[in-house]
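# Topology and contacts: notes
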Amino acid sequence: MQKGKFGVCLWFYAILAFVLAFLGQTLLCGLLLGFVVLAEKNEWLSKQVMQAFFLTLASSLVGSVLDILNVFRSIPFVGTAVSVVFNGITGLVSLIILVFCIIAITKVVKEQDAGLPLVSKLANRAFGLLEQKVYTQAAPAQPVQPAAPAQPTAHRPALRRGRPCRSE
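A short tour of the structure in this document, coming up. In this text, all values refer to a predicted model and were calculated from it rather than measured experimentally. (Residues numbered from 1 in each chain as written. Predicted model: local features only at pLDDT ≥ 70, side-chain atom pairs only at ≥ 80, totals over all residues. Heavy atoms only, no water.)

### Quick look at the overall build of the protein
The secondary structure content of the protein amounts to 5 helices and 0 strands. The helix and strand sequence of the protein, counted from the amino end, reads α-α-α-α-α. Buried residues in the protein amount to 27% of all 168 residues. Long-range contacts, defined as pairs at least 24 residues apart, comprise 65% of the intrachain contacts of the protein with a sequence gap of at least 6. (Helix = DSSP H or I, 4+ residues; strand = E, 2+ residues; numbered from the N terminus. Buried < 20%, exposed > 50% of the residue type's maximum accessible area, 1.4 Å probe, protein only. Contact = heavy atoms within 4.5 Å.)

Right, dumping it as structure tokens:
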């Protein structure tokens, strides 16, 4: 267990960040990220808190877009139907974030990287840690040997070499 500069286990900050992400507390998660980056200065911890912060940003972004698109809320029956669909989408996003947070918390307690899809790549990119893909060039293909010329058959006369035949 690694302890930070203030005597608190580092994984505690990461767990707190993922709990704040689940609760949708973008501002508090952002403040925690600032504290971790400036005060603790631990790369592993900063990446975990950054992943949680990106989760809260994604949740807030989806909620804001759905609120903007919900222009039908004042129409009596249409507004109710559209609101039901948008609330279902919001609930699905919240469920996905809950699953991501549970997975991340179980990994962070073991002091492993949370490795959440998409947000871990964003966190690595924010730290300048780009995953380099190595492409190997395939060996050049062997040139195809031309087939040997066919042997003359008995019923066909062999071609003469030398001057071309002229018919007169």
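### Quick look at the packing of aromatic side chains
Enumeration over the complete set of coordinates arrives at 4 aromatic pairs. An aromatic cluster is present here, built from Phe 6, Phe 12, Tyr 13 and Phe 35 joined pairwise through their rings. (Phe/Tyr/Trp six-rings, centres within 6.5 Å; stacked < 30°, edge-to-face > 60°.)

### Some points on unusual backbone geometry
A positive phi angle, close to 60°, is found at Glu 111, a residue other than glycine. Checked against the element boundaries, Glu 111 lands in the loop between helix 4 (76-109) and helix 5 (119-126). We classify Glu 111 as partly exposed; its relative accessible area is 35%. At Leu 118, a residue that is not glycine, the phi angle is positive and equals roughly 70°. Relative to the helices and strands, Leu 118 resides in the loop between helix 4 and helix 5.

### Focus on the environment of Val 71
By the secondary structure assignment, Val 71 is in the loop between helix 3 (43-69) and helix 4. Separated by 12 residues in the primary sequence, Val 71 and Ser 83 place their C-alpha atoms 9.7 Å from one another.

### Focus on the nonpolar core
Formed by 28 residues in total, the largest nonpolar core has its most connected members in Phe 18, Leu 32, Leu 45, Val 49, Leu 55, Val 108 and Leu 116. Only helix 1 (10-23), helix 2 (26-40), helix 3, helix 4 and helix 5 provide two or more residues apiece to this core. Discounting residues that sit within four places of it in the chain, Leu 45 has contacts with Leu 10, Tyr 13, Ala 14, Val 36 and Glu 40. (Core = buried A, V, L, I, M, F, W, Y, C linked by side-chain atoms within 4.5 Å.)

### A few points about the packing of helix 3 against helix 4
Between helix 3 and helix 4, whose axes approach to 10 Å, the crossing angle comes to 175°. The pairing of helix 3 with helix 4 is recorded here as roughly antiparallel in orientation. Here Trp 44, Gln 48, Leu 55, Ser 59, Val 62, Leu 66 and Leu 69 of helix 3 lie close against helix 4, whose contacting residues are Phe 86, Ile 89, Thr 90, Val 93, Ile 97, Phe 100, Cys 101 and Val 108. The residue inventory of the contact of helix 3 with helix 4, partitioned by class, reads 12 nonpolar, 3 polar and no charged. (Axes fitted to C-alpha atoms, helices over the stretch in contact; angles between N-to-C directions. Parallel < 35°, antiparallel > 145°, perpendicular 65-115°, else oblique. Nonpolar A, V, L, I, M, F, W, Y, C, P; charged D, E, K, R; others polar.)

### Some remarks on helix 4
Compared with the 50 Å implied by 1.5 Å per residue over 34 residues, the 49 Å span of helix 4 between its first and last C-alpha is a close match. Among all positions in helix 4, only Gly 79, Val 82, Ser 83, Phe 86, Ile 97, Cys 101, Ala 104 and Val 108 are buried. Buried residues in helix 4 make contact with helix 1 and helix 3. Positive phi appears at Glu 111, one or two residues downstream of helix 4, with a value of about 60°. (Expected span 1.5 Å × (residues − 1).)

### Quick notes on the environment of Lys 41
Inspection of the secondary structure puts Lys 41 in the loop between helix 2 and helix 3. For the pair Lys 41 and Gly 4, spaced 37 residues apart in sequence, the C-alpha separation works out to 9.0 Å. The contacts of Lys 41, once residues within four sequence positions are left out, are Lys 5 and Val 36.

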